[in-house]
Amino acid sequence: MTGTIGAVLQVLAIAAGSPLLVGVMRQVRARMEGRAGAGVAQPWRDLRKLMRKQAISPHGTGWVFRLAPLLLAGTALVAAAVVPLVTTASPLDGVADLFAVTALLALGSVALALGALDTGTAFGGMGASREMTVLALVEPTILVSVFALSIRVGSTNLGSIVTATAEDPLSVISPVSALAAVALAIVTIAETGRIPVDNPSTHLELTMIHEAMVLEYAGPDLALIEWASAMRLSVLLGLLASLFFPLGIAGGDAGTLALLVAVVAIVVKVALLGVLLAAGEVFMAKLRLFRVPELLAGSFLLALLAVAASFFLA
């Protein structure tokens, strides 16, 4: 029962708090750039406005276009339930495998790319092509970097990895963890379409990746996509925090108070990572598109070095 309550709490926290995280990041950027900003709750107001509009599908699109937002939001919610953020004793712990979570994230990205291709527009095809290029480099890096952490545990189950780190916090202070953390941080930026890989606030043809795929969506469909994108950002930042700083996460014998403390802990950790990411974006410029594969290839190399170091130190 404790694990079930913890899983429900982390899904609710991700679903309700993800738009607020985006609002906090926008507010941080606005303040650092000398602007007032629209407020932390603005993303929720935008979602409410979009949900009240009429859903419109471009002429010639089929069920793939209409299903993509639902699949993207569904995979994000399932990932929020599976990844150990509040508790490591989730009833879904049996499927909280590294490969399963990575496949969920990839499924959402592929669904959105197929929806963009279904429109038959030049922007949709361009965005889908660029997204698949990024995906081909991001997903292997996630697999290899977390696999480096799983070697000392002997399991690819995310709950087991987080539990082992929580029981021995000093194990994080190692070359393996440092290399894996840098690799995961880079692919998190790429997977969520943040600077320097992508700019979520631009509509320039030469720079768009994610935005090019969602130009034809409107109303509730666009609201689902924006909500799902915010949840994916929260899940990946939460996974990064749980793997390398699992302070406050609840175990299998935790009580109600421990679960509430764990919710507060993950909210604080994700918010801090979001603030750091937003602050870093102020001082970084977006990379040219042909330089993005070089950056992601470098992160994959770091993940491979983490695996090699893990076998060497084992």
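Conventions and cut-offs
Residues numbered from 1 in each chain as written. Predicted model: local features only at pLDDT ≥ 70, side-chain atom pairs only at ≥ 80, totals over all residues. Heavy atoms only, no water. Helix = DSSP H or I, 4+ residues; strand = E, 2+ residues; numbered from the N terminus. Expected span 1.5 Å × (residues − 1). Bend = angle between axes of the 7 residues up to and from the residue. Core = buried A, V, L, I, M, F, W, Y, C linked by side-chain atoms within 4.5 Å. Buried < 20%, exposed > 50% of the residue type's maximum accessible area, 1.4 Å probe, protein only. Contact = heavy atoms within 4.5 Å. Axes fitted to C-alpha atoms, helices over the stretch in contact; angles between N-to-C directions. Parallel < 35°, antiparallel > 145°, perpendicular 65-115°, else oblique. Nonpolar A, V, L, I, M, F, W, Y, C, P; charged D, E, K, R; others polar. Phe/Tyr/Trp six-rings, centres within 6.5 Å; stacked < 30°, edge-to-face > 60°. 1 Å grid on protein atoms, 1.4 Å probe; cavity = no way out; pocket = protein on both sides within 12 Å on 5 of 7 lines; lining within 4 Å. Points joined across faces, edges and corners; volume = space filled by probe spheres on them. pLDDT = per-residue confidence, 0-100. Patch = residues over 30% accessible without salt bridge, like charges linked within 9 Å, V, L, I, M, F, W, Y side chains within 5 Å. Areas by Shrake-Rupley, 256 points an atom, 1.4 Å probe, with all protein chains shown as cover. Salt bridge = Lys/Arg side-chain N within 4 Å of Asp/Glu carboxyl O.

Draft legend 1. Helix 5 (residues 122-150), seen in detail. Across its 29 residues, helix 5 extends 42 Å between first and last C-alpha, which sits within 8% of the 42 Å expected from 1.5 Å per residue. Maximal helix bending in helix 5 amounts to about 25°, located at Leu-135.

Draft legend 2. How the structure looks around the nonpolar core. By size, the foremost hydrophobic cluster in this structure holds 79 residues, and its most contacted members are Leu-184, Tyr-217 and Leu-243. Sort the elements by how many residues they give to this core and helix 9 (residues 219-244) lands first, with 14 residues. Not counting chain neighbours up to four residues away, the residues in contact with Leu-184 comprise Ile-142, Ser-145, Val-146, Leu-240, Leu-243 and Phe-244.

Draft legend 3. Representation of the packing of helix 4 (residues 98-118) against helix 5. At a minimum axis separation of 9 Å, helix 4 and helix 5 run at an interaxial angle of 175°. By the angle class used here, helix 4 and helix 5 are roughly antiparallel. Mapping the contact onto sequence places Leu-98, Phe-99, Thr-102, Ala-106, Ser-109, Val-110, Ala-113, Ala-116 and Leu-117 in helix 4 and Gly-124, Gly-125, Ala-128, Glu-131, Met-132, Leu-135, Glu-139, Ile-142, Leu-143, Val-146 and Phe-147 in helix 5. Within the contact of helix 4 with helix 5, the residues separate by chemical class into 14 nonpolar, four polar and two charged.

Draft legend 4. Focus on the packing of helix 6 (residues 158-167) against helix 9. Following both chains from N to C, one finds helix 6 and helix 9 inclined at 45°, their axes separated by 7 Å at the closest point. In this view, helix 6 runs oblique relative to helix 9, as classed from their interaxial angle. Contacts between helix 6 and helix 9 involve Leu-158, Ile-161, Val-162 and Thr-165 from the former and Leu-239, Ser-242 and Leu-243 from the latter. Split into classes, the residues belonging to the contact of helix 6 with helix 9 amount to five nonpolar, two polar and no charged.

Draft legend 5. Molecular detail of the environment of Ala-68. Tracing the sequence through the fold places Ala-68 in helix 3 (residues 63-82). Residues Ala-68 and Ile-225, 157 residues apart in the sequence, show an inter-C-alpha distance of 8.7 Å. Discounting residues that sit within four places of it in the chain, Ala-68 has contacts with Ala-111, Leu-112, Gly-115 and Tyr-217.

Draft legend 6. A look at the packing of aromatic side chains. For the structure shown, the criterion picks out one aromatic pair. Look at Phe-65 and Tyr-217: their rings are 4.1 Å apart centre to centre, the planes differ by 5°, and that puts the pair in the stacked class. Of the two residues, Phe-65 sits in helix 3 while Tyr-217 sits in the loop between helix 8 (210-213) and helix 9, which places them 152 residues apart along the sequence.

Draft legend 7. Summary view of empty space enclosed by the protein. With the rule as written, the count across this model stands at three cavities of 30 Å³ or more. Estimated volume of the largest cavity: approximately 60 Å³. Looking at the largest cavity, the residues that line it are Ile-142, Leu-184, Val-187, Thr-188, Leu-236, Leu-239 and Leu-240. Elements supplying a minimum of two residues to the lining of the largest cavity: helix 7 (175-191) and helix 9. Classifying every residue of the lining of the largest cavity by side-chain character gives six nonpolar, one polar and no charged.

Draft legend 8. Structural detail: the confidence of the model for the protein chain. Residue-level pLDDT values for the protein chain average 91, and 98% of them are 70 or greater. Averaged over each element, pLDDT in the protein chain is lowest for helix 8 (86) and highest for helix 2 (residues 42-51) (96).

Draft legend 9. Just the layout of surface pockets, in detail. Reported here for the largest pocket is a volume of approximately 1,000 Å³. For the largest pocket, the lining is made up of 46 residues, of which Val-22, Arg-26, Pro-200, Glu-211 and Glu-226 are closest to its centre. Looking at the lining of the largest pocket, the elements with two or more residues in it are helix 1 (2-32), helix 2, helix 4, helix 5, helix 7, helix 8 and helix 9. Take the lining of the largest pocket: its biggest share by element is eight residues, from helix 1.

Draft legend 10. Geometry of a nonpolar patch on the surface. Together, Trp-63, Leu-67, Leu-70, Leu-71 and Leu-107 make up a nonpolar patch on the protein surface, roughly 500 Å² of accessible area in all. If you tally residues by element for the nonpolar patch, the top one is helix 3, at four residues. Locating Leu-71 in the fold gives a position in helix 3. On the accessibility criterion, Leu-71 (30% relative accessible area) is partly exposed.

Draft legend 11. Layout of helix 10 (residues 256-282). End to end, helix 10 covers 40 Å across 27 residues, agreeing with the expected 39 Å (1.5 Å per residue, within 8%). For helix 10, the full list of buried residues reads Leu-259, Ala-262, Val-263, Ala-265, Ile-266, Lys-269, Val-270, Gly-274, Leu-277, Ala-278, Ala-279 and Glu-281. For helix 10, the elements touching its buried residues are helix 1, helix 7 and helix 9.

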